[in-house]
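Fold and contact review
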Amino acid sequence: MAEAPKIEIYDARTGKLEKVDAVVRSDAEWKKLLTLEQYQVMRKKGTERAFSKVCAVPKSGKGIYQCAGCGTDLFAYGSKFESGTGWPSFWDPVSPSNLKLKKDFGFGISRVEVLCARCESHLGHVFNDGPAPTGQRYCINTVALKLSEG
Ligand SMILES: [Zn+2]
């Protein structure tokens, strides 16, 4: 097996960039690891139906949403906002290092796709109509996130 490349990922607990192995899995491995819905969104760039899922909220009021595919820290609960779109929305990631942004011209629309930097799973899209202070709206599929409380 080829060695996975080392990448820098921000760890929200330590507050530091850590050198970690990129997560590289075969299609068969992803199928086993993810639910069918997660697989379709995260590996086939699908989109869950708006308002079809309830995004977990931390009881303590503090938490980090991590990639459901590899556990990378993605968004703090503190940067979540109600966009009214039917998908969890955030105005900032925990670190730009943890996301990979890619131009997407699917469906004849020019958008920016958001991927997990560590396992390259599709998470959603980012738009320029978010709230202050960043003006960004990261529109993310609920099934691509898992909440880590505390
Ligand atoms: Zn990931």
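Described in the following lines is the structure provided in the data block. Keep in mind the model is a prediction, meaning the values are calculated, not measured. (Residues numbered from 1 in each chain as written. Predicted model: local features only at pLDDT ≥ 70, side-chain atom pairs only at ≥ 80, totals over all residues. Heavy atoms only, no water.)

Here the focus is the overall build of the chain. Counting its regular elements, the chain contains two helices and eleven strands. Secondary structure elements of the chain, listed N to C terminal, follow the sequence β-β-α-α-β-β-β-β-β-β-β-β-β. Taken over C-alpha atoms, the radius of gyration comes to 15 Å for the chain, in line with the 15 Å a tight globule of 150 residues would show. Along the longest, intermediate and shortest principal axes, the C-alpha atoms of the chain span 45 × 40 × 25 Å. Evaluated residue by residue, the chain yields a buried proportion of 40% over its 150 residues. (Helix = DSSP H or I, 4+ residues; strand = E, 2+ residues; numbered from the N terminus. Rg over C-alpha atoms; globule rule 2.2 N^0.38 Å. Buried < 20%, exposed > 50% of the residue type's maximum accessible area, 1.4 Å probe, protein only.)

Glancing now at the pairing of strand E4 (residues 73-76). Of the strand pairs in this sheet, strand E3 (residues 63-67) and E4 are connected by three bridges, and their pairing is antiparallel. Note on E4: the bridge partner recorded for Tyr-65 is Phe-75. (Pairing = 2+ DSSP bridges.)

Protein coordination at the zinc ion: the donors are Cys-67 (SG), Cys-70 (SG), Cys-116 (SG) and Cys-119 (SG), at 2.3 to 2.4 Å from the metal. Coordination at the zinc ion comes from four donor atoms whose angles at the metal span 100 to 114°, giving a geometry best classed as tetrahedral. The sequence pattern describing where the donors of the zinc ion fall on their chain is C-x2-C-x45-C-x2-C. Placement of Cys-70 in the loop between E3 and E4 and of Cys-119 in the loop between strand E8 (111-116) and strand E9 (122-127) is noted, with a sequence separation of 49 residues between them. Judged by its relative accessible area of 18%, Cys-70 is buried. The exposure class of Cys-119 is buried, given its relative accessible area of 3%. (Donors = N, O, S within 2.8 Å, 3.2 Å for Na, K, Ca; no water. Tetrahedral: all angles 85-135°; square planar, octahedral: opposite > 155°, others 65-115°.)

Formed by 25 residues in total, the largest nonpolar core has its most connected members in Phe-75, Leu-123, Tyr-138 and Ile-140. Taken together, the elements giving at least two residues each to this core come down to helix H2 (36-42), E3, E4, E8, E9 and strand E10 (137-140). At three residues, H2 tops the list of elements feeding residues into this core. The residues touching Ile-140, leaving out its near neighbours within four places in the chain, are Phe-75, Trp-87, Pro-88, Phe-90, Val-114, Leu-123, Gly-124 and Leu-145. (Core = buried A, V, L, I, M, F, W, Y, C linked by side-chain atoms within 4.5 Å. Contact = heavy atoms within 4.5 Å.)

Right, let's talk about the pattern of salt bridges for a bit. Scanning all chains against the criterion turns up seven salt bridges. Here Asp-21 makes a salt bridge to Lys-6, at a shortest N to O gap of 3.0 Å. Of the two residues, Asp-21 is situated in strand E2 (residues 16-21) and Lys-6 in strand E1 (residues 6-11); the sequence distance between them amounts to 15 residues. Note that Glu-113 is salt-bridged to Lys-45, the shortest N-O span being 2.9 Å. (Salt bridge = Lys/Arg side-chain N within 4 Å of Asp/Glu carboxyl O.)

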